[in-house]
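Remarks on the overall topology
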Amino acid sequence: MKSQNGKVMVVGGGIAGLTAAWELSRQNIGVELVEKSCFLGGHSIGFTCKATDKCQQCGACSVEEMLANVVDEPLINVHLRTEVTGLQNGDGLTVSLTKSDAGPAGGGILRGFSKNNRPLYVVGQDAGDDIPEGAVKITELGTEARLEVDAVIVATGFTPFDPSIKKTYGYGQWKNVITGLELERILRENKSLVRPSDGKAPQKIAFIQCVGSRDKGLGHLWCSQVCCPYAMRMASVIKHDNPEADITMFYIDIQNTGKEFPIFYEDVKSWLKFVRAIPVDIYQVEDERLKLMQLVEGQDAPAMEEFDLVVLAVGITPGADTPDIAKLFNIAVNEDGFLDGGSAATAGVFVAGTAAGPGSIIDTMAGAQKTAYEAMKFLGVTK
Amino acid sequence: MTAEKSSNTIEISINTDVLVIGTGAAGAEAAEVISAQGYKVAVAGDGGQDIAQSGRAELIEGAHIRDFAGVAGDFRACFVKDGQRLERNFGAVVIAPGRNVRPQAEPFGLSLGERVITLGELEKILADGNARSKLGGAAVALLLNLTWEGDPQYTARVLEASLAIQQLEGATASIYAGNVKVAAPGLERKFTYVREQGVVCFKPMEKPSIEQTGDKIRITTLDSILRKTLVAEYDYLVVEEKAEPSDRDLDLAYSLRLDTDLEGFLPSNNVHRFPVNSNREGIYIAAPGLGANIALRIKELFGDGVKSVPADRAVVDPEKCTICLTCYRCCPHGAIFWQDGVAAISPLACQGCGICASECPMDAIQIGGFNDKDLRRQVREAVAATQKPAIVAFCCQNSALEAGRAAAEFGMDLPAGLKLIKVPCAGKVDVEFIMQAFVDGADGVMVAACHEGNCKAERGNLFARWRVNEIRKRLEALGIDKQRLLFTTFASNMAKGFAETAAQFAGSL
Ligand SMILES: Cc1cc2nc3c(=O)[nH]c(=O)nc-3n(C[C@H](O)[C@H](O)[C@H](O)COP(=O)(O)OP(=O)(O)OC[C@H]3O[C@@H](n4cnc5c(N)ncnc54)[C@H](O)[C@@H]3O)c2cc1C
Ligand code: SF4
Ligand code: SF4
Ligand code: SF4
Ligand code: SF4
C-alpha cells in the first residue's frame, strides 16, 4: 500500500461525513471518523425507499451504498459513540476524543438501520446474556484519546424541527398527528401505511408543509428544501399502495424535487389535492380523527375538514450541538443558526452537509465532495 | 495500449488530456480546476477568450464535433473548423450544458417589444447604467413561474431585479408568481426582504389575463387571499424565460451516446449519475459550482496516468464473435468498440453489468466473477439443496441482494427454500438460467432487480423484465403456470419489502 497522504478527522457520520471520508480515502488520505451515536448513517440511513412503480430519486439507497463503502475501507477508522471535547492548534491539530453518553439505557437493545452498521446491535450496560449475536455493550463502545490530524471536517448535521413548539397542531397530544420523520419510519417498517392509534389504513390524509420553516414568527427565515420533495414522494408511495387514498397537501409554494420535476408535478397534481393555505389549528374529533381549520383561498369563513392522519412536514433546523461545535472549532454561526462554512478561523477546519444549512441527500453528497476537495487542497494533495 | 501485469489485472496507460465542451461559467470553472490538477485541458466552444488568456487551457474556438469515438482514457474527437478537420485524443470529456431560453410572452397572447421584455433584457437595462432614465418612475410587473416551474436560480434573478427596480426613484416592482422557488441558501430571507422593501408579490389562483394597449399593460387576476378580481396597470411587463435543453447538447448526447432525462437535459434522471456522472465512464456533466466534484472524478480515473483494472471484467471470445453489433448497441456504458475485426471491451469503461453477455446471440462474452459455468452450477446447487418450495432468486448485487441479505441479518422470516444468487445486474440473468432453474426442479424463480430509473446500468432491469415477460409467455405455451416466474424490484434498504415479497411468492407456489 502507498504511504498515506496525511490524516483528516471527520466529525459526524451522516451522509455528509461518510461522503467526505470516502472521497478523502480515494486520494489515499487517512480518516478518523467520529460519530456521537452508536451507529453510522445519520438521519438518512433510516429513510424509506420512495419508489412507486419507478424510483423517485430520493437518494436514500445512496446512503446505504456509501455506508457499505465506508465500513469496508481500511483507510477510514471509525469511532462510534465518541465526541470531540478539545482542540489544540499547533503544528497540526490535536483533537481530544471522549466517549459520548449515547446508547441504550439499562438493559435496552438498539439495532442499526442498516445491515452495514457494525456492530448491528448495541446493548445497555445491564443487558443479560440473552442478547443478539455480535451485539456490543455500550461500555465497550467509544474512544478516549488525543489524536493528531492535519485537518478537520465538521459534518454534525441537523435537528428536525420539533413540532410540539407549535402548540396548536397538537403534536404529541393527538396520536394521529405525526411528523415526516415518523412517516419515513412507518413506511419503512410496514409494507403499507398504518395509523398510530389503531394500526388501520388511513383513507383521508393531510400533509402540512413548512412546519418550522419559512416561519417569520419563529424567526426561521429559510426553506428547508427537503420537505416538499419528501412529502410529495411519500404521498406518491401511499397513493400507489392504496389508490383509494384521498390526500391533501397544504402548502405555501411547492419546491422542486429535482430532475424531471415538471413531469412528476403534473402527475402528482392529477391525484393530490393542493390547497394553498397553512392550517392554523388541529383538533381531535371522534374516532381519533383530526379536524383542521384553515383560511382557504376563495372562502370568507375558515374552512374545516376532517382527516384520518395528519403528517407535519417538519423541516431542517440547526444541529443541537452547533453552539458547542462552533465554540470548540472557532466557527462562526450564520444568521439562521447554522455553521458558516467559509468562516472557520482555525486553519484546516471545514464544514460539510446540513451542519451548514438545509439540503437533500444528493446535495449534501455533492457538497461534502467539495469540502473534501478543500481539505485535500489544504493538505497539498491537490492544488 | 495495454500490457499484461498479472493474470487478473492489467495496467492501462491513460491519455490524461481533458476536453471541456462549453465556454460558459461551468466550462470555465471545470477547465480551471482540472488544469490545477496538472492535466492538460482544451476547451471547445464559441468565445472563451478569457479562458485562453488565463493560460489554464487551450481554446479550440468555433470548432464543432463531427465524429466521436473511443472509450475512457482514449477518446478520439474529430472537430470541423473552417472546413478543416482536426483530430484530437483525450482521456476524459466534460460537457458544460447549454440552455435554450424561450421567452414566455405567447402563452399570454403577447409579443415581445418595447414594453414587454424578457428577464434577460431587464437585467441588461439594469446593468448598463441607464436604468434610471428608462425605468425611473415606471411600474414594472415581473412574471415568475406561471408558465413553467422554474428553479431557485431563476427566482433569485427575479428577486434581484425587482429589488433593483424598487430602488430606482419612483419605480415600483410587482411580482406575479406561481410557486416561488426558495429552496436555496438565503432565498427565503431574500424573498422576505424584497417584500419589506415594497415589492408586492401576488400569487393568483389562476393564470392572469394580460392585455397590452399602447404603452400600458393591464393585468387581471383572481387574488387567492383577497378572493377578488384585481386589475392593475403597468408600464413594463417582464415575461419569463423558460429553459430548455440546447440543440448542441441534444447533438452531443447523440454523438457521444449519452442518456438524457425525459426533458432532454443531460444526464439521465438516476441518482447514480449525480452530481457529475453520465452513463459513460470518463464523460462528465458540469454545472456552476461543481468544478471540484468533476476534478475528483477525473483524478480518480486518471491517477498518475496508469491504471490497474481487472482484465476479465467482460471479455469477448474472438472465435465466437460474428460481429452482429448487438453488444455494441445494448451496452449502456459505451464500453464496446471494434478491434481486429471483432468486438472488444474496454476494461476501464466497462462496469461489468453483463447485459452484453446475456444479449449476445453467440454467447461470446463472459463476465469476470459471473461466468456462465459458475452461475449454472449455482442454479443447480440452489435447486438441489433446498426445502420446498424451492425458489431460486436471481438478485442484483446493487439492490435486491443487499435487501435480501439485510432481511436475513435482521432475522426476518424468509422462505426456507429460498436461495439468493448474486448477479452483477439483473440484466445478466440469461433466459437460459431461468429455464435451467425450472428444468432442474425449481418451484419458483424470482428475478429481483433495481427499481426502474435506479439501475446503475440504466436499462439492465428493463432487459430483465422483458426477458421475464417473454419466458412467462413461453411457460404458458408449455402448459406451465407462469406465476412461478416473478419479476420484482427493490432498493438496497428494503429488507422488509424483500421479506414480504418472498413470503408472498412462496405462499403462492
Ligand atoms: C423528515 C425528513 C425526511 C427527509 N427525506 C429526505 C429524502 O427523502 N431525500 C433527501 O434527499 N433528503 C431527505 N431529507 C434530508 C436528509 O435527512 C439530509 O439531507 C441528510 O440527512 C443530511 O445529512 P448530514 O450528514 O448533513 O446530517 P445528519 O443526517 O443529521 O447526520 C449528522 C451525523 O452527525 C452526528 N453528530 C451530531 N453531532 C455530533 C457531534 N457533536 N459529534 C459527533 N457526531 C455528531 C449525528 O449523530 C449524525 O450521525 C429528509 C429530512 C427530514 C427531516
Ligand atoms: S433513490 Fe430512493 S426511491 Fe429510488 S430506489 Fe433508491 S431509495 Fe428507492
Ligand atoms: S421545502 Fe417546501 S415544505 Fe419545506 S420549507 Fe421549503 S417550501 Fe416549505
Ligand atoms: S453480441 Fe456477441 S456476436 Fe455480436 S458483436 Fe457482440 S460479441 Fe460479437
Ligand atoms: S458488461 Fe455491461 S458495461 Fe461491460 S461491456 Fe457489457 S454491457 Fe457494457
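Residues numbered from 1 in each chain as written. Chains lettered and ligands numbered in written order. Predicted model: local features only at pLDDT ≥ 70, side-chain atom pairs only at ≥ 80, totals over all residues. Heavy atoms only, no water.

1. Thoughts on the overall build of chain A
Put simply, the test is: To qualify as a helix, a DSSP run of H or I must reach at least 4 residues; to qualify as a strand, a run of E must reach at least 2; elements of each kind are numbered from the N terminus. Using C-alpha atoms as the atom set, the radius of gyration is obtained and then compared with a globule rule of 2.2 Å times the number of residues to the power 0.38. When a residue's accessible area, from a 1.4 Å probe over protein chains only, is under 20% of the maximum for its type it is buried; when over 50% it is exposed; and in between it is partly exposed. Residue exposure ignores everything except the shown protein chains as possible cover, and the areas themselves are Shrake-Rupley values with a 1.4 Å probe. A residue counts as positive if it is Lys or Arg and as negative if it is Asp or Glu; His and the chain ends are not included. Think of each charge as sitting on NZ of Lys, CZ of Arg, CG of Asp or CD of Glu.
Tallying secondary structure elements over chain A gives 7 helices and 21 strands in all. A compact globule built from 383 residues would reach a C-alpha radius of gyration of about 21 Å, and chain A, at 22 Å, matches this within 12%. Its C-alpha atoms give chain A principal-axis dimensions of roughly 70 × 50 × 40 Å. Counting the 383 residues in chain A, one finds 58% classified as buried. Within the structure as shown, chain A displays about 15,100 Å² of accessible surface, and the carbon and sulfur contribution to it stands at 48%. Charge separation in chain A, taken as the distance between the mean sites of 36 positive and 48 negative side-chain charges, equals 2 Å.

2. Observations concerning the overall build of chain B
The test is simple: The contact criterion used is simple: two residues touch if any of their non-hydrogen atoms lie within 4.5 Å.
Across its full length, chain B carries 15 helices and 29 strands. Along the first, second and third principal axes, the C-alpha atoms of chain B reach 85 × 60 × 40 Å. The burial tally for chain B puts 54% of its 509 residues in the buried class. Here the analysis covers contacts within chain B between residues at least 6 apart in sequence; of these, 65% occur between residues at least 24 apart. In the structure as shown, chain B presents an accessible area of about 21,300 Å², 48% of it carried by carbon and sulfur atoms. Taken as two groups, the 55 positive and 64 negative side-chain charges of chain B have centres that lie 3 Å from each other.

3. Overview of the domain arrangement of chain A
All names here are of chain A. Stated precisely, the cut-off is as follows: The split into domains, and so the bounds of each, comes from an automatic or database assignment of domains. Put simply, buried area is the surface a 1.4 Å probe can reach on two separate parts but cannot reach once they are joined, added for both.
For chain A, the assigned domains read domain 1 (7–157 + 319–379) and domain 2 (161–316). When each unit is reduced to the centre of its C-alpha atoms, the spacing between domain 1 and domain 2 is 30 Å. On the side of domain 2, 20 residues touch domain 1, which itself brings 20 residues to the contact. In total, domain 1 and domain 2 occlude about 1,700 Å² of area from one another, counting both sides; carbon and sulfur atoms represent 60% of this.

4. Examining the sheet that holds strand 29 (residues 485–490) of chain B
Residue and element names in this part refer to chain B. To keep things clear, this is the line we draw: A strand pair is defined by DSSP finding two or more bridges across the two strands. Fitted lines through C-alpha atoms serve as axes, helices being fitted only where they are in contact, and the angles separating the N-to-C directions of these axes extend from 0 to 180 degrees.
Pairing is parallel across the open sheet formed by 4 strands, whose spatial order is 27-26-28-29. Because the sheet does not close on itself, it has two edges, and the strands there are strand 27 (418–423) and strand 29. Recorded for the sheet is a direction-independent mean angle of 20° between the axes of neighbouring strands. Pairing of strand 28 (residues 444–450) with strand 29, which is carried by 6 bridges, proceeds in the parallel orientation. The residue of strand 29 that forms the bridge with A448 is T488. Helix 13 (residues 431–439) rests against strand 26 (391–396), strand 28 and strand 29 of the sheet, and its axis sits at about 150° to strand 28. This element, helix 14 (residues 460–477), spans strand 28 and strand 29 of the sheet and lies at about 160° to strand 29.

5. Considering the site of ligand 4
Let me state the cut-off plainly: The near set for a molecule or strand comprises every residue that places at least one heavy atom within 4 Å of it. Side-chain classes follow a simple rule in which Ala, Val, Leu, Ile, Met, Phe, Trp, Tyr, Cys and Pro form the nonpolar group, Asp, Glu, Lys and Arg form the charged group, and the remainder, Gly included, forms the polar group.
The immediate surroundings of ligand 4 are formed by B:V316, B:C321, B:T322, B:I323, B:C324, B:L325, B:T326, B:C327, B:C360, B:P361, B:M362 and B:I365. Of the residues assigned to the shell around ligand 4, the class counts are 10 nonpolar, 2 polar and no charged.

6. Some details on the site of ligand 1
All names here are of chain A. Here is the rule we go by: In the analysis that follows, any N or O atom pair within 3.5 Å is treated as a polar contact, provided that within protein one partner can donate a hydrogen and the other can accept it, and provided that, for residues neighboring in sequence, both atoms belong to side chains.
Neighbouring ligand 1 are 32 residues; E35, H43, T354, G359 and I361 lie closest to it. Contact between ligand 1 and C58: a nitrogen atom at 2.8 Å from a main-chain N or O atom of the residue. Backbone polar atom of F158 to an oxygen atom of ligand 1: 3.3 Å apart, as the coordinates give it. Isolated, ligand 1 exposes 990 Å² of accessible area, and the fraction of that covered by the protein chains is 94%.

7. Brief notes about the pattern of salt bridges
Defined as follows: Here, a salt bridge means any Lys or Arg side-chain nitrogen found within 4 Å of an Asp or Glu carboxyl oxygen.
For the structure shown, the criterion picks out 51 salt bridges over all chains. With a shortest N-O distance of 3.0 Å, B:R88 and B:E58 are connected by a salt bridge. You can see B:R88 sitting in strand 8 (residues 84–90) and its partner B:E58 sitting in strand 5 (residues 58–61), a full 30 residues away along the chain. Judged by its relative accessible area of 21%, B:R88 is partly exposed. Here B:E432 makes a salt bridge to B:R376, at a shortest N to O gap of 2.7 Å. One end of the pair, B:E432, is in helix 13; the other, B:R376, is in helix 11 (residues 372–385), with 56 residues separating them in the sequence. Here B:R376 falls in the partly exposed class, since its relative accessible area comes to 26%. Salt bridges sharing partners connect three or more residues here, namely A:R214, A:D253, A:R276, B:E188 and B:K203.

8. So, the interface of chain B and chain A
Interface extent is often summarised as the accessible area lost during association of the parts. With 65 residues of chain B at the interface, the matching set in chain A holds 62 residues. With both chains or domains summed, chain B and chain A bury close to 5,400 Å², and 50% of this area falls on carbon and sulfur atoms. Among the residues of chain B in contact with chain A, B:R189, B:F410 and B:N493 are the three that bury the most area, contributing 14% of the side total. Seen at the junction of chain B and chain A, the total is 9 salt bridges. One salt bridge connects A:K216 with B:E196, and the closest N-O pair in it is separated by 3.3 Å. Remark: the boundary between chain B and chain A carries 33 residue pairs in polar contact (both at pLDDT 80 or more). At the level of secondary structure, the elements contributing two or more residues to the side of chain B that touches chain A comprise helix 1 (25–36), helix 6 (187–196), helix 8 (291–302), helix 12 (400–409) and helix 15 (495–508) of chain B. Here the side of chain B that touches chain A gets 7 residues from one element, more than from any other, and that element is helix 8 of chain B. Its residues placed into classes, the side of chain B that touches chain A shows 25 nonpolar, 20 polar and 20 charged.

9. Side note on the packing of helix 13 of chain B against helix 14 of chain B
All names here are of chain B. Put simply, the rule reads: Just so you know how the angles are binned, under 35 degrees is roughly parallel, over 145 roughly antiparallel, 65 to 115 roughly perpendicular, and the rest oblique. The handedness criterion is simple: a crossing whose near helix is rotated anticlockwise from the far helix by less than a right angle is left-handed, and one whose near helix is rotated clockwise is right-handed.
Contact pair helix 13 / helix 14: the axes reach a minimum separation of 10 Å and the direction vectors enclose 40°. What the angle tells us is that helix 13 and helix 14 run oblique. Read as a crossing pair, helix 13 and helix 14 show a hand that is right-handed. Within the contact between the two elements, helix 13 uses V431, I434, M435 and F438 and helix 14 uses R467, V468, I471, R474 and L475. Partitioned by chemical class, the residues of the contact of helix 13 with helix 14 number 7 nonpolar, no polar and 2 charged.

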